[in-house]
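Take a look at the letters that make up each chain.
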Amino acid sequence: MAGTTPVAIVTGGARGIGLATCATLLARGWRAVALDRDAPGEDAPGGEGFAWIAADVADTASVDAAIAAAAARFGAIDALVNCAGFNRHQPVAELEDATWRSMLDVHVGGTLRACRAAHPWLRASARGAVVNFSSMGARIGRPRRAPYAAAKAGIEGLTRTLAIEWAPDAIRVNAVCPGVVGTRMVRDNIARGAVDAASLVAGIPMRRFAEPAEIAAVVAFLAGAESSYMTGQVLVVDGGATINGDW
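Quick look at the structure, then. Because the structure is predicted, anything quoted here is derived from the model rather than measured. (Residues numbered from 1 in each chain as written. Predicted model: local features only at pLDDT ≥ 70, side-chain atom pairs only at ≥ 80, totals over all residues. Heavy atoms only, no water.)

Considerations on helix α2 (residues 60-74)
Every α-helix carries 3.6 residues per turn, so stepping three or four residues along brings you back to the same face. Taking 1.5 Å per residue as the helical rise, α2 with its 15 residues ought to reach 21 Å, and the 21 Å between its terminal C-alpha atoms agrees with that figure. Of the positions making up α2, those classed as buried are V63, A66, I67, A70, A71 and F74. Along the axis of α2, the buried positions cluster into a sector of 130°, meaning they face one direction only. With respect to the buried face of α2, the exposed residues turned more than 90 degrees away are A61 and A72. The inward-facing, buried residues of α2 abut β1 (7-11), β2 (31-36), β3 (50-54) and α3 (97-124). You can read the cap of α2 off the contacts: a side-chain oxygen lies 3.3 Å from the backbone nitrogen of A61, and it is on D59. Directly beyond the C-terminal end of α2, a positive phi value near 85° is found at G75. (Helix = DSSP H or I, 4+ residues; strand = E, 2+ residues; numbered from the N terminus. Expected span 1.5 Å × (residues − 1). Buried < 20%, exposed > 50% of the residue type's maximum accessible area, 1.4 Å probe, protein only. Arc of directions from axis to C-beta. Contact = heavy atoms within 4.5 Å. Polar contact = N/O pair within 3.5 Å; in protein donor to acceptor, adjacent residues only side chain to side chain.)

Laid out in structure tokens, this is it:
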């Protein structure tokens, strides 16, 4: 099925922002492959342009096999979106080594594994692009989020390094830095009392959470030709939260 239609790989693409990214790219004429441990639900896009391949970004063999399968199915990889991740709230004084290791291994390690596996295909593309996921947690101090913040800050550093290394291969590498997004993970955290919705909204000048589709639109911009002279950048999409001095 190789051809002129661009192909994007989206890790963590079975739900939340990842799934919204797949839907947005499909609507803009891309093919999209969701790499995720779990299959998409009933809200998954239909049609031959969308595929799901089981993959665990914490496992090198799994990532390598999934990337190869995606390339074999569609004949190309033009963009890679590294969206897979999770969070676990815990104070540093009580933080287990296993939590620290798993958080960094999924976020930073998963991004590295997917980039490394996709590199030959991105280099062969005339429009190779990588979009990584940071978070406003990398920019501001918030309690009980140390491994998540460190992982996302690491992704920003990795993004800049890859942008320099891969520029000669005509591969652009950028990142998006979302604020609070109304995903299932956020709703679950609110429901179990890990975070307070009113407090979160109070810190956002626009006084609302982002919709997954709003973040996906920025991802699509960074993956597409409209950002053809951008590399090594991190676009913050947070409703003004990280620059808010009105307190």
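Focus: the packing of α2 against α3
In the contact formed by α2 and α3, the axes pass within 9 Å of each other and the chain directions differ by 30°. As the angle between them shows, α2 and α3 are arranged roughly parallel. By crossing handedness, the relation of α2 to α3 is classed as right-handed. From α2, T60, V63, D64, I67 and A71 reach across to α3, where they touch R113, A114, R116, A117, A118 and W121. Split into classes, the residues belonging to the contact of α2 with α3 amount to 7 nonpolar, 1 polar and 3 charged. (Axes fitted to C-alpha atoms, helices over the stretch in contact; angles between N-to-C directions. Parallel < 35°, antiparallel > 145°, perpendicular 65-115°, else oblique. Left-handed = near helix turned anticlockwise from the far one by under 90°. Nonpolar A, V, L, I, M, F, W, Y, C, P; charged D, E, K, R; others polar.)

Considering the environment of Y229
Inspection of the secondary structure puts Y229 in the loop between α7 (212-223) and β7 (234-237). Y229 gets classed as exposed once you look at its relative accessible area, which sits at 84%.

Looking at the sheet that holds β3
Across a sheet, strands are paired by hydrogen bonds formed along the backbone, either parallel or antiparallel in direction. Taken in spatial order, the 7 strands of this open sheet run β3-β2-β1-β4-β5-β6-β7, and their pairing is parallel. The open sheet terminates on both sides in strands that have one partner only, identified here as β3 and β7. Averaged over all pairs of adjacent strands, the angle between their axes in this sheet comes to 20°, without regard to strand direction. As defined by bridge partners, strand β6 (residues 172-178) adjoins β7 across 4 bridges and the pair is classed as parallel. Among the inter-strand pairings, V176 is bridged to a residue of β7, identified as L235. Helix α4 (residues 146-166) contacts β5 (129-133), β6 and β7 of the sheet and is inclined by roughly 160° relative to β6. (Pairing = 2+ DSSP bridges.)

Details of the pattern of salt bridges
Under the counting rule described, the total for this entry stands at 6 salt bridges. Where D36 meets R15, a salt bridge forms, and the shortest distance between an N and an O atom there is 3.7 Å. Here D36 is found in strand β2, whereas its partner R15 is found in the loop between β1 and α1 (16-27), with 21 residues between them in sequence. Given the relative accessible area of 10%, D36 is considered buried. For R15, a relative accessible area of 28% translates into the label partly exposed. Measuring nitrogen to oxygen at the nearest pair gives 3.7 Å for the salt bridge that ties R15 to D38. Taken as a pair, R15 in the loop between β1 and α1 and D38 in the loop between β2 and β3 lie far apart in primary sequence, 23 residues in all. Under the relative-accessibility criterion, D38 is labelled partly exposed at 40%. A single network of salt bridges, built from pairs that share partners, joins R15, D36 and D38. (Salt bridge = Lys/Arg side-chain N within 4 Å of Asp/Glu carboxyl O.)

Concerning the packing of α1 against α7
Axis separation between α1 and α7 bottoms out at 8 Å; the angle between their running directions is 55°. Between α1 and α7, the angle falls in the class oblique. Every pair of crossing elements has a handedness; the one defined by α1 and α7 is right-handed. For the pair α1 and α7, the contacting residues are G16, I17, A20, T21, T24 and L25 in the first and P212, A213, I215, A216, A217, V219 and A220 in the second. Of the residues assigned to the contact of α1 with α7, the class counts are 10 nonpolar, 3 polar and no charged.

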